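Each chain, written out:
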Amino acid sequence: MLKKFLLPILSLGIFSFSYGELILSPKIVVFDPTPVGDESDKEEVVVKNEDDNKVLIGDVSIVGGDSDEFRITDEDCEGEILSQNEECTIEVRFEPESKGVKLSILKFESATYSGGLDLNFNENFVFLAGFATEGTDLDVKPDSYEFENMEVDDEETVVVVLSNKGTDRLKIVDYDFKVLKVGSIVSTDEDEFEIDEDGGIKPCGTMEPTLDPGEYCTIEVTFRPEDDGYKLAALLFETDEDDSPVTGVVFYGDVDEKDDGDDGFFGGCSFGAVGYLPIYLIVPFLIMFRRFRR
């Protein structure tokens, strides 16, 4: 059976929020599935200052979880002073060392100057998620899916296609559905997802089908968010090929409250100091969405 992911959360102090002037886009980066030992295409995070005051961008780093499997390859933000409506970019790649779903955090510090001796210090975060694959003839489409513009109690169904792209018969011997929970930050619940192996145009009829070369079958995954916030889940399949390779699909999204017109939980917010304090507050959690090993 597939082993469980680990989610240790380390509490280091009081958790506080402040709505900051920096707009981060995107707020969660999901890399395309990437073979172990390879590197993904680059993904860019844009940091924009929408405040009247100037903002200094400090140290930029990747922390927590599988931080050694993500890399900052280029950034023009560190040390930059952004005036209103100015922006800079941070370029990140995923370089997996072992199979599985990996998660880490892109962190950078910022300081807002509003005159005199007043400085507002913040720590800003973007989630990084990647799915590391090994050689397999099982093709899963889509390999990632974003639920966009969803509110609590909305519903959306995705058809997942499982195909045998090889020349030998292939069997899925196990599957696993994983969700990420980190307090009220990433509040995914398994009950928010429903898997139907009899869905789609050519139903698999089971979650462990056997596929002849060139054959495919379909399942449906329906998402009904029960609360707002970030959602992150993975549906993983293990095959009977040598070394039992794993592949799958990652689901993610930012869910708004019902009839709420703002940008969701992370809309223009940052973690850190509240008010004008010339000190950094320590963020009270580190996320570890660890790999599973056989």
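Just so you know, these numbers come straight off a predicted model, no measurement behind them. (Residues numbered from 1 in each chain as written. Predicted model: local features only at pLDDT ≥ 70, side-chain atom pairs only at ≥ 80, totals over all residues. Heavy atoms only, no water.)

**Q** A description of the packing of aromatic side chains should follow, citing residues and the corresponding values.
**A** Following the criterion strictly, the structure yields 11 aromatic pairs and no others. Relative to F251, the ring of F147 has its centre 6.0 Å away and its plane inclined at 25 degrees; by these criteria the two rings are stacked. Here F147 is found in strand β13 (residues 144-147), whereas its partner F251 is found in strand β22 (residues 246-255), with 104 residues between them in sequence. Each member of the pair, F147 as well as F251, carries the same accessibility label: buried. Ring pairs connect the aromatic residues Y145, F147, F177, F193, F223 and F251, which therefore count as one cluster. Geometry around Y216 places K202 over its ring, the cationic atom sitting 5.0 Å from the centre. (Phe/Tyr/Trp six-rings, centres within 6.5 Å; stacked < 30°, edge-to-face > 60°. Helix = DSSP H or I, 4+ residues; strand = E, 2+ residues; numbered from the N terminus. Buried < 20%, exposed > 50% of the residue type's maximum accessible area, 1.4 Å probe, protein only. Lys NZ or Arg CZ within 6 Å of the ring centre and 35° of its normal.)

**Q** Got a sec to walk through the sheet that holds strand β9 (residues 87-94)? Specific residues and values, please.
**A** Spatially, 4 strands are ordered β2-β5-β9-β7 in an open sheet, and the strand pairing comes out antiparallel. Every other strand in the sheet has two partners, leaving β2 (22-25) and β7 (70-75) as the edge strands with one partner each. Recorded for the sheet is a direction-independent mean angle of 25 degrees between the axes of neighbouring strands. Across 6 bridges, the pairing between strand β5 (residues 43-49) and β9 is antiparallel. Of the residues in β9, the one forming a bridge with E43 is V92. (Pairing = 2+ DSSP bridges. Axes fitted to C-alpha atoms, helices over the stretch in contact; angles between N-to-C directions.)

**Q** Lay out the sheet that holds strand β14 (residues 156-164) in plain terms, naming residues and giving numbers.
**A** What the 4 strands build is an open sheet, ordered β12-β14-β20-β18; its pairing is antiparallel. Each edge of the sheet is formed by a strand with only one pairing partner; in this case those strands are β12 (138-141) and β18 (193-196). Averaged over all pairs of adjacent strands, the angle between their axes in this sheet comes to 20 degrees, without regard to strand direction. In the sheet, β14 pairs with strand β20 (residues 216-223) via 8 bridges, with the strands oriented antiparallel. From the neighbouring strand, V160 faces β20, where its bridge partner is I219.

**Q** Let's hear about the environment of A111: which residues, and what values?
**A** Along the polypeptide, A111 turns up in strand β10 (residues 100-113). Residue A111 is classed as buried on the basis of its relative accessible area of 9%. Non-local contacts of A111, meaning those with residues more than four positions away in its chain, are made with K54, V55, L56, N120 and F121. (Contact = heavy atoms within 4.5 Å.)

**Q** If you had to explain the state of the cysteines to someone new, which residues and values would you point to?
**A** Scanning all chains against the criterion turns up 2 disulfides. Here C77 pairs with C88 through a disulfide, and the sulfurs are 2.0 Å apart. Where C77 bonds to C88 through sulfur, the torsion about that S-S bond is close to 110 degrees, and the disulfide is right-handed. Residue C77 is found in the loop between β7 and β8 (81-82), and its partner C88 is found in strand β9; the two are separated by 11 residues along the sequence. Bridging C204 to C217, the disulfide has an S-S length of 2.0 Å. For the disulfide bridge between C204 and C217, the dihedral angle about the S-S bond is near 85 degrees, and by the sign convention the bridge is right-handed. (Disulfide = S-S within 2.5 Å.)

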